[in-house]
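Close look at the chain arrangement
If you want the building blocks of each chain, they are given just below.
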Amino acid sequence: MSTSKTIFIEPMTRIEGHLGVKADIDVERRVVVDAHSTGVMFRGFEKIMEGRDPPDAIWISQRICGVCPTPHAIASAEALDMALNTSPPPMAILLRNLADAFEIIYDHTLHWFQLSGPDYSAAIVSERNPSWMREAEDFSTEYRDIHGFSTVGEIMREMTPLEGKLWIESLNYQRIAKECLVMVAGKYPHLATVVPGGITVSTTIGRAQEMLFRFLELVPWVKKMVFIAEDVFRFLQEKGYEKVGVRKANLISYGAGENPEIYDAKYENMDEWGIAREVTPGIVIDGKLLTNRLTEIHLGVQEYVTHSFYEEWDKRDVEKDPLGNEVPPKHPWNKDTRPKPEKMDWDSRYSWVTAPRWVSKGKVHVVEAGPISRMWTTAASKKVEGSTGSSLRFTLPKTNIAGLSEELNREMELEWRIPDSVNVVERLRARIYYLAYMTNIAFGEIIKVLEYLKKGKIQVFNEFERPKWSLGVGLTEAGRGALGHWIVVRDGKIHRYQVVTPSNFNASPRDGEGNRGPYEEALIDTPITEEGDAANWDGVDVVRTIRSMDPCLACGVTVYKGNSVTRRVIGG
Amino acid sequence: MPSLIDVLTGVVEPVSNINLVFHQAVMAPWGKRAIDVLDDAKKGKYDPFVLVLEGAIPDEEKAGDGFWCMVGENDGQLYTLNYWIDSLAERAAAAVAVGACATYGGVPHGHPNPTGAHGLLEHLGKDWKSTLGLPVVCIPGCPPAGDWMTQTLGALVLAVRGFAAVPDLDEHHRPRFLFGRLAHDNCPRAGYYSEGHFAETFGEQYCVVGLGCKGLISYCPAPAGGWINKTGGCPTFGAPCLGCTEPEFPDDPLSPFLKPPDGVIMTKTIIKRILGGIYQAYSLQKEGGRK
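Residues numbered from 1 in each chain as written. Chains lettered and ligands numbered in written order. Predicted model: local features only at pLDDT ≥ 70, side-chain atom pairs only at ≥ 80, totals over all residues.

A word on the overall build of chain A
Helices and strands together make up the secondary structure of chain A, namely 19 helices and 17 strands. Since a compact globule built from 572 residues should have a radius of gyration of about 25 Å, the 23 Å found for chain A is in line with a globular shape. Projecting the C-alpha coordinates of chain A onto the three principal axes gives extents of approximately 65 × 60 × 55 Å. A total of 572 residues make up chain A; the buried ones form 63% of that total. Counting contacts in chain A only where the partners sit at least 6 residues apart, residues at least 24 apart contribute 74% of the total. (Helix = DSSP H or I, 4+ residues; strand = E, 2+ residues; numbered from the N terminus. Rg over C-alpha atoms; globule rule 2.2 N^0.38 Å. Buried ≥ 20, exposed ≤ 12 C-beta atoms within 10 Å, placed from the backbone. Contact = placed C-beta atoms within 7 Å.)

Here you go:
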């Protein structure tokens with residue numbers, strides 16, 4: 001009898017897009033011994049953008065993803081600000097920042113309740129870890145005063161898809177966050193208003209109030225969500241879940257949230273305005289912060305296609321960046337997307353996802369993007385208020401919403417500490433705290449909008465050019481982590497457009513040196529907690545690990561049915 | 001309205017008991033157990049079901065030994081998206097394409113269309129009929145507003161259950177109750193257009209046709225109807241309409257997005273308005289003459 005079991009999970013559901021994961025499990029030792037991650041869809045956005053009018057990239061590139069269009073709009077707009085020789089007025093920068101913060105509030109709520117959360121809900125826990133469910137019913141919560149639940153079992157029941165109160169309530173708050181976003185974007189998903197050099201509409205005192213008062217409804221909800229999550233994490237740690245999905249702290253963050261007075265979109269000043277962001281850019285290798293400089297971070301990004309369905313490219317259009325630094329052949333400014341569909345072969349080419357790595361001084365680093373990366377770089381760098389070098393402290397504002405408890409209305413101090421290891425629980429925790437941090441940032445930005453309105457600084461657009469030849473790079477943080485857009489403009493048209501998404505880093509297959517991608521690394525040695533006969537294992541620990549990095553690969557088929565009860569079917 | 005929560009919880013009898021059995025982004029099961037749902041649907045377990053497609057359909061013949069889009073596998077055999085569409089369409093009580101990609105191909109079918117992508121309308125054909133005798137219903141837009149989706153799907157449910165008529169569709173199979181008017185005709189900035197006030201730069205409050213707005217050639221209710229809970233609207237917020245509800249999106253004549261639409265279209269509509277003004281003045285004159 002064989003003691004190994006291979007689970008190939010395709011589709012990986014409750015993510016954005018098409019992803020498959022193959023995990024080889026040693027049944028006796030109950031650990032994952034090998035893993036492969038594969039992106040199973042190709043659309044060719046980069047080819048579709050070539051030859052078009054440069055500003056079109058803002059609208060087309062957002063369509064890469066319906067979950068995180070705002071960061072795509074911002075990355076694209078910043079790449080174009082740079083390439084088309086313009087820079088937005090401060091009010092436009094603030095409004096772009098706000099769109100980003102509102103998106104995170106909705107996006108991370110969606111992740112915690114609809115995408116990842118169901119794996120910790122009664123529906124799935126009672127099926128896959130039944131002994132946990134019994135213990136959870138007796139496991140007292142620590143933050144009952146804030147969220148109102150006495151046991152973790154109760155929380156888990158309310159997190160059950162379609163039935164649970166929290167699951168349903170969360171949809172309502174996501175809608176409010178999107179309404180705030182639409183106050184800036186005109187449309188969501190896929191923002192209508194972002195253009196090179198700014199944004200198409202300023203705000204008024206009327207619209208600013210519509211935004212502010214909708215936003216304030218979200219604040220107590222965010223407080224509640226943080227402590228619901230904390231109680232669930234306490235339980236998971238009790239069950240040893242911090243040993244699941246562990247990988248080395250090799251992390252990448254581009255930072256986000258421009259300072260409206262410092263950002264000028266000039267490549268020459270990118271390190272200066274990068275460091276002034278609300279979220280600090282950085283590279284962490286083996287737990288140590290290596291750099292905060294955006295030029296160094298982006299020049300290190302190189303893409304391998306050795307295990308992906310693409311041909312190598314041979315052209316090299318960009319040898320030096322505007323500062324005279326070497327631009328390597330595998331850097332996105334030089335990359336040419338050349339799709340070549342092939343039969344899937346685990347030993348050779350097995351994914352539509354490429355393998356971006358961070359290369360420095362000839363060494364290839366496998367880096368992970370995500371909330372844990374940006375919280376880490378922000379907490380470690382001491383560049384923003386509240387960053388202590390080992391933690392990030394911030395405050396959620398006081399509100400006065402009728403019918404809510406004093407606990408939820410009061411001003412609340414929060415602190416996120418850099419964890420000892422990168423694992424499933426810490427990734428989820430970092431995401432919840434990033435959501436809270438962005439709530440704090442959004443409040444500050446709305447107040448700043450009022451200040452600029454008061455000063456009459458309402459201009460939102462500066463004219464741009466269409467140069468004969470220019471380069472642009474836009475780097476920001478999407479919900480899932482570091483997102484970069486690179487453009488080469490030739491004769492006033494898009495000559496090359498390349499996008500490296502966070503899931504591009506995280507879901508990547510092996511690279512040219514045979515290193516595994518972050519999902520694959522995180523699965524190695526992951527213990528199996530799933531109960532019951534191994535023959536019936538469904539891979540719940542595998543999917544929890546992958547979903548802790550919130551995959552985003554994009555598209556889908558949907559079926560509705562006419563005459564039975566919804567809840568049972570979707571519950572399992 | 002109706003909201004997603006209303007639909008999922010079945011807020012009122014005529015729309016109750018709608019069962020979402022397969023949606024990769026929200027369903028609880030994964031891997032084989034998720035694919036079993038599609039397999040069961042194919043075998044008739046969920047009859048009568050509505051097939052709702054999001055995303056464009058690639059040309060898998062162009063993928064050789066490989067694939068462009070895979071959805072599930074069984075014992076090493078990979079299934080493509082096309083396999084599921086073709087097998088499920090045979091049994092579907094209705095087929096609804098949601099979004100620019102699923103309806104007409106959207107961005108993936110934009111020039112040079114690397115994957116040979118097209119939409120469901122072309123894939124099944126304009127003459128295709130579901131088991132209930134319905135044609136493919138298209139809800140275009142990139143993406144469509146939530147209300148467009150819930151209202152169209154709701155209308156179909158009400159129609160199937162005998163509470164309402166089947167929605168009337170235009171030549172591109174869009175429901176007329178949503179897409180019967182040009183974006184321009186329901187735009188809050190249209191008044192500026194008829195007064196001849198055109199924005200020359202972004203941030204001005206006037207009509208943005210000169211900055212590339214395609215509202216004159218695109219059928220869409222968003223300028224007045226908004227996107228979420230009646231908030232938003234593209235030209236409403238000074239942004240050029242991209243024409244994302246039109247079959248040609250994202251290519252000519254909708255892009256370049258910042259290039260104003262064909263001058264002939266603008267001239268025609270301006271002449272119509274001038275004539276309208278003259279007729280109005282003339283009729284006033286005649287009334288004055290009688291006094």
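Let's pick the thread back up.
Thoughts on the sheet that holds strand 6 (residues 251-253) of chain A
Backbone hydrogen bonds are what pair the strands of a sheet, in a parallel or an antiparallel way. Residue and element names in this part refer to chain A. The sheet built from 3 strands is open, its strands ordered 6-7-8 with antiparallel pairing. Pairing within the sheet leaves two strands with one partner each, and these edge strands are strand 6 and strand 8 (288-291). Sheet twist, expressed as the mean angle between neighbouring strand axes with direction ignored, is 25°. Pairing geometry for strand 7 (residues 282-285) and strand 8, over 3 bridges, is antiparallel. Looking at strand 8, one finds that Ile285 is bridged to Lys288. Running at roughly 80° to strand 6, helix 13 (residues 371-381) makes contact with strand 6, strand 7 and strand 8 of the sheet. (Pairing = 2+ DSSP bridges. Axes fitted to C-alpha atoms, helices over the stretch in contact; angles between N-to-C directions.)

Some remarks on the interface of chain A and chain B
Facing the 78 residues of chain A at the interface are 74 residues of chain B. Taken together, the elements giving at least two residues each to the side of chain A that touches chain B come down to strand 1 (4-9), helix 1 (45-49), helix 2 (56-62), helix 5 (122-128), helix 9 (165-185), strand 17 (556-561) and helix 19 (566-570) of chain A. The element contributing the most residues to the side of chain A that touches chain B is helix 9 of chain A, with 7 residues. Grouping the constituent residues of the side of chain A that touches chain B by class yields 40 nonpolar, 21 polar and 17 charged. (Nonpolar A, V, L, I, M, F, W, Y, C, P; charged D, E, K, R; others polar.)

Focus: the domain arrangement of chain B
All names here are of chain B. As far as domains go, chain B holds domain 1 (4-179) and domain 2 (184-276). For domain 1 versus domain 2, the separation of C-alpha centres amounts to 30 Å. Across the boundary between the two partners, domain 1 contributes 15 residues, which contact 12 residues of domain 2. At the level of secondary structure, the elements contributing two or more residues to the side of domain 1 that touches domain 2 comprise helix 4 (99-104) and helix 7 (176-179). (Domains from an automatic or database assignment.)

Here we look at the environment of Arg496 of chain A
Residue and element names in this part refer to chain A. The residue Arg496 is located in strand 16 (residues 493-500) in this model. A C-alpha to C-alpha distance of 25 Å links Arg496 and Glu342, two positions 154 residues apart in sequence. With near-sequence residues (within four places) excluded, Arg496 lies in contact with Glu50, Ile487 and Val488.

A word on the environment of Asn334 of chain A
Residue and element names in this part refer to chain A. Its place among the elements puts Asn334 in the loop between strand 9 (301-304) and strand 10 (355-360). Residues Asn334 and Asp314, 20 residues apart in the sequence, show an inter-C-alpha distance of 9.0 Å. When sequence neighbours within four positions are dropped, the list of residues in contact with Asn334 reads Arg316, Asp317, Val318, Val327 and Pro329.

Details of the packing of helix 10 (residues 205-238) of chain A against helix 15 (residues 424-454) of chain A
Residues and elements named next belong to chain A. Between helix 10 and helix 15, the least distance of the axes is 9 Å, while the angle of their chain directions is 160°. Taken together, the axes of helix 10 and helix 15 lie roughly antiparallel to each other. The handedness of the crossing between helix 10 and helix 15 is left-handed. When grouped by side-chain class, the residues that make up the contact of helix 10 with helix 15 number 23 nonpolar, 2 polar and 1 charged. (Parallel < 35°, antiparallel > 145°, perpendicular 65-115°, else oblique. Left-handed = near helix turned anticlockwise from the far one by under 90°.)

Considerations on unusual backbone geometry
Of note, the amide linkage connecting Phe249 of chain B to Pro250 of chain B takes the cis form, showing an omega dihedral of 5°. By the element assignment, Pro250 of chain B lies in the loop between helix 9 (222-225) and helix 10 (263-290). For the peptide bond that leads from Ser255 of chain B to Pro256 of chain B, omega is 0°, which places it in the cis range. You can see Pro256 of chain B is positioned in the loop between helix 9 and helix 10. Of note in this structure, Asp550 of chain A is not a glycine but carries a positive phi near 50°. Along the polypeptide, Asp550 of chain A turns up in the loop between helix 18 (540-548) and strand 17. The backbone of Asp75 of chain B sits at a positive phi, close to 45°, despite the residue not being glycine. Residue position: Asp75 of chain B is located in the loop between strand 3 (70-74) and strand 4 (77-80). Judged by local crowding, Asp75 of chain B falls into the exposed class, with 6 C-beta atoms found within 10 Å.

A few points about the nonpolar core
Counting residues in hydrophobic clusters, the biggest one holds 266 residues, and the most contacted among them are Phe102 and Ile487 of chain A together with Val96 and Ala97 of chain B. No fewer than three residues from each of domain 1 (4-179) and domain 2 (184-276) of chain B sit in this core. Discounting residues that sit within four places of it in the chain, Ala97 of chain B has contacts with Leu53, Ala102, Thr103, Gly119, Leu120, Leu121, Val136, Cys138 and Ile139 of chain B. (Core = buried A, V, L, I, M, F, W, Y, C linked by C-beta atoms within 7 Å.)

Concerning the sheet that holds strand 3 (residues 31-39) of chain A
Residue and element names in this part refer to chain A. Read from one edge of the open sheet, 3 strands run 1-2-3, paired in antiparallel fashion. Bordering the open sheet on either side are strand 1 and strand 3, each of which pairs with just one other strand. Direction aside, neighbouring strands of the sheet carry axes that sit 10° apart on average. Two elements, strand 2 (residues 19-26) and strand 3, share 8 bridges in a ladder whose sense is antiparallel. Opposite Gly20, over in strand 3, you have Thr38 as the bridge partner.

Structural notes on the pairing of strand 2 of chain A
Residues and elements named next belong to chain A. Taken across its 8 residues, strand 2 has 6 buried, putting it largely inside the fold. As defined by bridge partners, strand 1 adjoins strand 2 across 6 bridges and the pair is classed as antiparallel. Its bridge partner being in strand 2, Lys5 is matched across the sheet by Ile25. Once strand 2 ends, the chain turns through 4 residues before running back antiparallel as strand 3, passing Arg30 with a positive phi of about 55°.

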